[in-house]
Amino acid sequence: MTITKHFERPELKTLRQLVRQGEGQHLEFKLKSNHPDKIMKEVVAFANSDGGKLLIGVADDKELIGLKYPDEDEYIISKSIEKFIFPEVNYKLEKIRLENEKEVLVYDILASENKPHCLDLNGIPDERKIFVRSADKSIQASKEVKEILKGKKKDKGYKFVYGEKENLLMKYLDQKKEITVSKFCEIAEIPKKIASRTLVLLVLAGLLKVNPNEIEDTFSMI
């Protein structure tokens, strides 16, 4: 009796392992490309954060469905990236054929050195939106995150004066580990504008890190 062994292609095996991880900070699934605006949001968020992989043809429940006409989906996505994202982002594309003969598009979005990237769906510069990645979601960047992204691009060696409000901040972080702009306003009894600017400067100076959140960002020690 002859026993036939079926070996799974390496790239398909790697894809299955990747999908089993589930969506997260560096991984997003989309079933189709029929809503390119939503896909562009993910591309911008990955580029503005630490990069990530965007899989087209995978359901939210991790099922590998694939695309029947992958070339059409690729065309729609590539044209949307060119048209709606500023400045342009760098990415790599891999097509992986499934056992059902359909394909999954794997977009590897590289962490950008030219942040922030904006999404402009209406052709109106003043309405461009900036997104960042937070866990398994792509969220619109807060005022503070926007300033941090722009400030890091300038890379000009930020300095600050360590005063009473900074002392209160560090004592609070030593106990509570993280703080919001509104909480900093409260404990230091300072205007929101000053609290915001102080936290942004401390991030740019390399003393704090920002943790983007849909409700309100938090800041913590590095």
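Everything discussed here concerns the structure shown above.
The structure presented is a predicted model; accordingly, all values stated were derived computationally and were not measured.

Calculation criteria
- Residue positions are given per chain, counted from 1 along the sequence in the order it is written.
- Residues qualify for local features only when their pLDDT is at least 70, as the model is predicted, and side-chain atom pairs are given and counted only at 80 or more; totals for whole chains, interfaces and linings, by contrast, use all residues.
- Excluded from the side-chain calculations are hydrogens and water; all other atoms, namely the structure's heavy atoms, are used.
- Note on pairing: DSSP must find at least two bridges between two strands before they are called paired.
- Helix numbers and strand numbers start at the N terminus; a helix is a DSSP run of H or I with at least 4 residues, a strand a run of E with at least 2.
- An axis is simply a line fitted to the C-alpha atoms; with a helix, the fit covers only the stretch in contact. Between two such axes, the angle follows the N-to-C directions and lies from 0 to 180 degrees.
- Residue contacts are counted whenever heavy atoms from the two residues lie within 4.5 Å of one another.
- Two N or O atoms form a polar contact when they lie within 3.5 Å of each other; inside protein one atom must be a possible hydrogen donor and the other a possible acceptor, and for residues adjacent in sequence the pair counts only when both atoms belong to side chains.
- Each crossing is labelled by how the near helix is turned from the far one, with a counterclockwise turn of less than a right angle marking it left-handed and a clockwise turn marking it right-handed.

J.: Hey, could you run me through the sheet that holds strand 1 (residues 27-30) in this one?
T.: Strand pairs in the sheet, formed through backbone hydrogen bonds, run parallel or antiparallel to each other. The sheet built from 4 strands is open, its strands ordered 1-2-5-4 with mixed pairing. Of all strands in the sheet, those bounded by a partner on one side alone are strand 1 and strand 4 (91-97). Direction aside, neighbouring strands of the sheet carry axes that sit 20 degrees apart on average. Pairing of strand 2 (residues 52-56) with strand 5 (residues 103-109) involves 5 bridges; the strand directions are antiparallel. By the bridge assignment, L55 is partnered in strand 5 with V106. Contacting strand 1, strand 2, strand 4 and strand 5, helix 1 (residues 10-20) runs over the sheet at an angle of about 110 degrees to strand 4.

J.: Quick question: what am I supposed to make of the side chain of S138 here?
T.: Positionally, S138 belongs in strand 8 (residues 137-140). A polar atom in the side chain of S138 sits 2.5 Å from the side chain of E42. Of the polar contacts made by the side chain of S138, one reaches the side chain of R133; its length is 2.8 Å. Non-local contacts of S138, meaning those with residues more than four positions away in its chain, are made with K41, E42, A45, F131, V132 and R133.

J.: It is not clear to me how the packing of helix 4 (residues 143-154) against helix 7 (residues 192-204) should be interpreted in this structure. Could you clarify?
T.: Two quantities define a packed helix pair, namely the angle between the helix axes and the distance between the axes. Packing of helix 4 against helix 7 leaves a shortest axis separation of 10 Å and a crossing angle of 35 degrees. Judged by the twist between their axes, the crossing of helix 4 over helix 7 is right-handed. In contact with K143, E144, E147, I148, G151 and K152 of helix 4, helix 7 contributes S196, R197, V200, V203 and L204.

J.: Would you mind showing me how to read the environment of S112 here?
T.: Checked against the element boundaries, S112 lands in the loop between strand 5 and strand 6 (118-119). C-alpha separation for the pair S112 and D50, spaced 62 residues apart in sequence, amounts to 7.8 Å. Ignoring any residue separated from it by four or fewer positions in sequence, one finds S112 in contact with A47 and H117. Here the side chain of S112 touches N114 through a polar contact of 2.8 Å, landing on its backbone nitrogen.

J.: Even after reading the chapter, I still don't get the sheet that holds strand 10 (residues 208-211), so can you show me in this structure?
T.: Taking strand neighbours across the sheet as the criterion, the 3 strands line up as 9-11-10 in an open arrangement whose pairing is antiparallel. Each edge of the open sheet carries a strand with a single partner, namely strand 9 (178-179) and strand 10. In this structure, strand 10 lies alongside strand 11 (residues 218-221), joined through 4 bridges in antiparallel fashion. Residue pairing in the sheet places V210 in a bridge with F219 of strand 11. Strands strand 9, strand 10 and strand 11 of the sheet are contacted by helix 7, whose axis makes an angle of about 115 degrees with strand 10.

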